[in-house]
Amino acid sequence: MVDLHRKFDVLVIGGGNAALCAAISARQQGASVLVLEGAPKFYRGGNTRHTRNMRCAHDAVTEILTGPYTEQEFWEDLLRVTGGETDEELARFMIAESKDILDWIVEQGVRWQPSLGGTLSLGRTNSFFLGGGRAMLNALYRTAEALGVEIMYDAEVIDLEIDNGMFLSATLKHGETSASACASALVAAAGGFEANIEWLKQYWGEAADNFLIRGTPYNRGAILKMLLDRGVKEVGDPTQCHAVAIDARAPRFDGGIITRLDCVVFGIVVNRNAERFYDEGEDIWPKRYAIWGRLVAGQPGQIAYIIFDSTVLTSFMPSLFPPIKADTIAELAGKLELDPAALEKTVASFNAAVKPGTFDHTILDDCRTEGLTPPKTHWARKLETPPYYAYPVRPGITFTYLGTRVNKQARMLMKDGRPSANMFAAGEIMAGNVLGRGYAAGIGMTIGSVFGRVAGREAAKNARN
Amino acid sequence: MHGTKILDEADRLMTVCNSCRYCEGLCAVFPAMEMRRAFSDGDLNYLANLCHACGACYVDCQFSPPHEFNVNVPKTLAIARADSYAAYAWPRVFAGLFARNGLAISLIAAFSVAAFIFGFAAVNDRAVLYGIHTGPGAFYALMPHSAMAALFGAAFLYAILALVMSLRAFWRDIGEPVGMRADSPSLWQAIRDAATLRYLDGGGVGCFNDDDQPTDRRRLYHHFTAYGFLLCFAATCVGTLYHYFLGREAPYAWWDLPVLLGTLGGIGLFVGPIGLLAAKRQRDSVLVDETRHGMEVAFTVTLLFTGVTGLALLLWRDTTAMGPLLALHLGFVFALFITLPYGKFVHGLYRFAALVRYARERKMMASGTTGE
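Reading the values: the criteria
Residues numbered from 1 in each chain as written. Chains lettered and ligands numbered in written order. Predicted model: local features only at pLDDT ≥ 70, side-chain atom pairs only at ≥ 80, totals over all residues. Helix = DSSP H or I, 4+ residues; strand = E, 2+ residues; numbered from the N terminus. Rg over C-alpha atoms; globule rule 2.2 N^0.38 Å. Buried ≥ 20, exposed ≤ 12 C-beta atoms within 10 Å, placed from the backbone. Contact = placed C-beta atoms within 7 Å. Pairing = 2+ DSSP bridges. Nonpolar A, V, L, I, M, F, W, Y, C, P; charged D, E, K, R; others polar. Core = buried A, V, L, I, M, F, W, Y, C linked by C-beta atoms within 7 Å. Domains from an automatic or database assignment.

> Now, about the overall build of chain A: what can you tell me, with residues and values included?
Along chain A, the regular secondary structure elements total eleven helices and 19 strands. Taking 23 Å as the expected radius of gyration for a compact globule of 465 residues, we find that chain A reaches 23 Å, a close match to that expectation. Projected onto the principal axes, the alpha-carbon positions of chain A cover approximately 75 × 50 × 40 Å. When burial is assessed residue by residue, chain A has 54% of its 465 residues classed as buried. Across chain A, every contact between residues at least 6 apart in sequence was considered, and the portion connecting residues at least 24 apart equals 74%.

> Help me get a handle on the overall build of chain B, residues and values and all.
When its secondary structure is counted, chain B shows 14 helices and zero strands. Across chain B, helices and strands are ordered from the amino to the carboxyl terminus as α-α-α-α-α-α-α-α-α-α-α-α-α-α. A globule of 372 residues ought to have a C-alpha radius of gyration of about 21 Å, and chain B, at 22 Å, matches this closely. Judged by the C-alpha coordinates and their principal axes, chain B covers about 70 × 40 × 40 Å. The buried share among the 372 residues of chain B stands at 43%. Restricting to contacts in chain B with at least 6 residues of sequence separation, those with at least 24 account for 74%.

> Could you give an account of helix 3 (residues 41–50) of chain B, with specific residues and numbers?
Since the α-helix turns once every 3.6 residues, residues separated by three or four places project in the same direction. All names here are of chain B. Burial analysis of helix 3 places eight of its ten residues in the buried class, which makes it a mostly covered element. Buried within helix 3 are the following residues: Asp43, Leu44, Asn45, Tyr46, Leu47, Ala48, Asn49 and Leu50. Buried positions along helix 3 lie against helix 1 (5–20), helix 2 (29–34), helix 5 (73–87), helix 8 (145–173) and helix 14 (346–367).

> Hey, could you go over the pairing of strand 13 (residues 268–271) of chain A for me, with residue numbers and the actual values?
Residue and element names in this part refer to chain A. Here strand 13 shows two buried faces, one formed by Ile268 and Val270 and the other by Val269 and Asn271. As judged from the four bridges shared by strand 13 and strand 14 (residues 304–309), these two strands associate in the antiparallel manner. Across the sheet, valine 270 pairs through a bridge with tyrosine 305, a residue of strand 14.

> Mind laying out the interface of chain B and chain A, listing which residues take part and the relevant values?
Across the contact, 26 residues belong to chain B and 26 residues belong to chain A. Secondary structure elements with two or more residues in the side of chain B that touches chain A: helix 1 and helix 4 (56–60) of chain B. The element best represented in the side of chain B that touches chain A is helix 1 of chain B, accounting for five residues. Residue classes in the side of chain B that touches chain A are distributed as eleven nonpolar, eight polar and seven charged.

> Explain unusual backbone geometry residue by residue, including any values.
Omega for the bond connecting A:Pro386 with A:Pro387 falls within 30 degrees of zero, at 0°, which places this linkage in the cis form. With respect to the helices and strands, A:Pro387 occurs in the loop between helix 10 (340–353) and strand 16 (388–400). In this model, B:Pro65 is joined to B:Pro66 through a cis peptide bond whose omega is 15°. In the Ramachandran plot, A:Asn164 falls in the positive-phi region, its phi being about 55° despite a non-glycine side chain.

> Tell me about the nonpolar core, residues and numbers included.
Of all hydrophobic cores here, the largest spans 149 residues; its most connected members are A:Val10 and A:Ala189. Broken down by element, the residue count for this core peaks at ten residues, all from helix 11 (residues 443–464) of chain A. A domain-level breakdown of this core finds at least three residues from each of domain 1 (7–238 + 401–464) and domain 2 (244–396) of chain A. In contact with A:Val10, not counting residues within four places along its chain, are A:Ala26, A:Ala31, A:Val33, A:Ala183, A:Ala185, A:Val187, A:Gly456, A:Ala459, A:Ala460 and A:Ala463. Counting 102 residues, the second largest nonpolar core, distinct from the first, contains B:Cys51, B:Ala89, B:Leu269 and B:Leu313.

> A description of the pairing of strand 7 (residues 155–163) of chain A should follow, citing residues and the corresponding values.
Looking at chain direction, strand 7 of chain A and strand 8 (residues 166–174) of chain A are connected through eight bridges and run antiparallel. Each residue of the ladder has a partner; that of A:Asp159, found in strand 8 of chain A, is A:Thr171.

> Tell me about the domain arrangement of chain A, and please be specific about residues and values.
All names here are of chain A. Here the domain parsing of chain A yields domain 1 (7–238 + 401–464) and domain 2 (244–396). Averaged C-alpha coordinates put domain 1 and domain 2 at centres separated by 35 Å. Contact with domain 1, which involves 15 residues of that partner, is made by 17 residues of domain 2. Broken down by class, the residue content of the side of domain 1 that touches domain 2 amounts to eight nonpolar, six polar and one charged.

> How would you sum up the sheet that holds strand 4 (residues 112–113) of chain A? Please name residues and give values.
Residues and elements named next belong to chain A. Strand order across the open sheet formed by three strands is 3-5-4, with antiparallel pairing between neighbours. Each edge of the open sheet is held by one strand with a lone partner, namely strand 3 (53–55) and strand 4. Pairing analysis gives three bridges linking strand 3 to strand 5 (residues 126–129), with the strands arranged antiparallel. Paired with arginine 55 across the two strands is asparagine 126, which belongs to strand 5.

Here you go:
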């Protein structure tokens, strides 16, 4: 049992990649460290549980990376996906630090492997965790425990005592009891608020009731809210979240990677009225998958259906639930509880608009529609080979962008712009500093590891002084 | 859907795992799974026998219990694997021996030991049974070499026949045409993978047994056991060659090759099984197929007794205890031979065949050709 009467040098709130990197790095600086994870042990680590890789800059081919990925190229990718909504100084600092993380994280027991089957496009830029995100977490926890970091699970922080930008103590609920934890410095690494439906409703209204949350139910943003309420400056668009279209049959929480569907480009997507609403072939899937959550969220009832025929059934990664199958479009509509006549009309007018071309899903091919609104600009082929298939999809929320402003020391900035005396932040809770919008695969883990390591080191230094 | 409920569950899990693939670097099971989108009974039995039960995919899985997806690959494949041993047993009438395997093996071993003891007592008078016999041919004072060779030769040939027929059924069921010769690079790859237990290390992290720490040492103890077994087998072969080609009769001096091989093997069969049995006791119950505890233990214990009685015979062969010890040792060796096709021993055979197939599949995928 952890002795909460003593004062720790560093208190880390959260239990994912960023939190553990902070705890390890603080401990390696000689600080005494307490980690408070709000989830039970099995669910420890928040979204890190569901991750699988990290994007780090590197100048040469490595054992597992197929080519160099320079700092400049990383920066250009970040600039592109965020549309410029990033802090250049912090982002370039993170990218520079990411090079060293490739080795540092291995020193903490994490193992790399080449990119997974079905993810070849990431083989040059992203390093994959052997065994996935939970294996990575397990390694970090083992290292932290061996170093003497104290860890409490089911330890939900319900209050923070902060005086004029200085952290004093945290009140936590542990089972039936509540207790207080004191520390000289705080690292907040407790994630975003994507699992807090009430909070999401502030921006999305009742539609949020139809959102599925891809990670654990524990990412409720309580720490983020306390910090912002107590004078920490905010960053990132509070109304936005990373949302993809996932299988509507997925559980409300924690369905993870296996409910994602990669077949939009192979068919058409219709809403509850059996009408198409967006160009399914706008760009290659890795560049477009992240817009479909929001697109579906904008449709009536927040539901849509990906419809395709038997010619493409095995062209994409398998997923958890089998597609719904029927011999005719009308029968398929019946199974989906759509108006059969309306779906037949939509498919017929789509088929009529498809122009001949040479299909190649790896490039922007010349298979497109003409005279159709909205158009399908690539990979358009007639749906005419039964049986026909459908996946129902809903918005699947991955993470939120709202966070706490930090500087290069990962130190939080207060609303008046001055740095906090002893409060640091790492991971999703501050990701909005470098990732104001959009996403590039693996960048969340880069933010977590780089700023976690920095935050731990700086918090330990801070506690010593 | 499938022949059994456990294969249905294995199918469900492979669908989950094929949608995730995070574990593909841990072992051979997941890359083999990725080569398929649908799974026949044979495919699932192939994957089940490819699994080395290292436990890493359970500890690393974000969907393992208490998650509602309830993904427990090691346990599910362990049950399917044990089922497959019975399914491929030859002749079919003996498949039932797998149902209560611990009891079956214990009874067979007890009868075998008793038969040798009573047989020795019936054939030999007390003076011979409890006499001191030394020098070449000493053992044969108690049992004529011709009788020993005929009895054990027959048992051994039967075991080989039954094992070959079982393996043939497995090979056919996992989709390989009968009579297909495994190409030599695949065979060589499988020999190396089996000899080093390449896939019993969680992809490099280590194996899991007691809990979520990779502190397992089953690979080491399995090496002691398997190589101990092979050394003992080699000792028997060398002794046979000595007997027939050099005209030299057992027992041999302690420095002679059959005794050196047998002693080293005996030590392996002492240390290895004890380590494996201890690991089995400590194994996290969440990974275990409890209903097969008897089978898991019976073969290991038979090996342990074979090793221990062999070592005892070596130590006390110049005393009056030689007669009873010889009966005991021969009893266990005989039981071991005739139960080889009907116990845990077959895991090595099927796993090796699965490794050969995996090596072939990898090669075919790499060269872009498809299966037959």
